[in-house]
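# Geometric and topological summary
Listed here are the chains, written in short residue letters.
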Amino acid sequence: MRKGSSKTSTATDLFRSASSKASTKEMERIDNLFYSYGNRSSSMIDPEGIEALCSDMEIDHTDVRILMLAWKMKAEKQGYFTLEEWRQGLKALRADTVSKLKKALPELEKEVRRASSFVDFYSYAFRYCLTEEKQKSIDIESICQLLDLVLGSQFRAQVDYFIDYLKTQSDYKVINMDQWMGFYRYCNEISFPDHKNYDPELAWPLILDNFVEWMRAKQAAQN
């Protein structure tokens, strides 16, 4: 019995050792890839490095999938990836070359689009755009671009009308996280464009009450 178990344990040890070596090799390749785009003085991949990476992956640096990649890495600073963030993201995507990273993007997009992940991605997109310390809100112009990028493909009509409203109103110069998340809830819960189930007595951010009023006035003027 002991002989058999000794053989099994040796085989397991060999497998573990081979697997550990493969894992070390993979991490080496991930690190080397990081250094090929990283800025030596800051030890980070900066906006220039990200543009070079996008160029090699043949996608635009404004593509929403770059934001998805940042989300996967849990990147904290907009336009920058640290080595730790890069390792975390690429290991999860099982990508240690540019071509593998490019091939991983459709799966990453599917993961983000799942309802269970999307709320997290949507709130991350807002936080990622807070570039100053203690900043809590984002200017209207940037919010319009972000809404189009993050929600445009799912809720085209709602996003277009809301952007139109944001650009024409004068009460709000910035949007905070509560308003940002409120709009996502609105897209998911409210019958559009008739707003039959919109109740301003419920806890909606005031900006959405104003938006719905604006929409209703617009519709009344068209009829």
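Below or above, wherever it landed, is the structure these notes cover. (Residues numbered from 1 in each chain as written. Predicted model: local features only at pLDDT ≥ 70, side-chain atom pairs only at ≥ 80, totals over all residues. Heavy atoms only, no water.)

### Considerations on the state of the cysteines
The full count for this structure, using the stated rule, is zero disulfides. As a non-bridged cysteine, C54 has C129 as the owner of its nearest cysteine sulfur, 15 Å distant. With no disulfide of its own, C129 lies closest to C144 among cysteine sulfurs, the gap being 13 Å. (Disulfide = S-S within 2.5 Å.)

### Structural notes on helix α6 (residues 115-128)
Given a rise of 1.5 Å per residue, 14 residues ought to cover 20 Å, and the 20 Å separating the end C-alpha atoms of α6 matches this to within 8%. Within α6 the residues assigned to the buried category are S117, F118, F121, Y122, S123, Y124, A125, F126 and Y128. Looking at the buried positions of α6, the neighbouring elements they touch are α3 (64-73), α5 (98-113), β1 (137-139), α7 (140-151), β2 (174-176) and α9 (177-189). (Helix = DSSP H or I, 4+ residues; strand = E, 2+ residues; numbered from the N terminus. Expected span 1.5 Å × (residues − 1). Buried < 20%, exposed > 50% of the residue type's maximum accessible area, 1.4 Å probe, protein only. Contact = heavy atoms within 4.5 Å.)

### Topic: the pattern of salt bridges
Applying the stated criterion across every chain, the model contains 14 salt bridges. Residues E107 and K110 are paired through a salt bridge, measuring 3.3 Å at the closest nitrogen-oxygen approach. Here K110 and E107 lie together in helix α5, a separation of three residues that amounts to about one turn. Overall, the relative accessible area of 46% leaves E107 in the partly exposed class. We classify K110 as exposed; its relative accessible area is 53%. A salt bridge links R185 to E189; the nearest nitrogen and oxygen atoms lie 3.2 Å apart. You can see R185 and its partner E189 sitting in helix α9, four residues apart, about one turn around the helix. (Salt bridge = Lys/Arg side-chain N within 4 Å of Asp/Glu carboxyl O.)

### With respect to the nonpolar core
In a soluble, globular protein the nonpolar side chains are often hidden away together inside. Ranked by size, the top nonpolar core spans 68 residues in total, and within it W86, L147, L151, L166, F183 and Y186 carry the most contacts. Among the elements that take part in this core, α3 stands out by supplying eight residues, more than any other. In this view, F183 contacts Y122, L147, L151, Q158, V159, F162 and L208; residues no more than four positions away in its chain are not counted. (Core = buried A, V, L, I, M, F, W, Y, C linked by side-chain atoms within 4.5 Å.)

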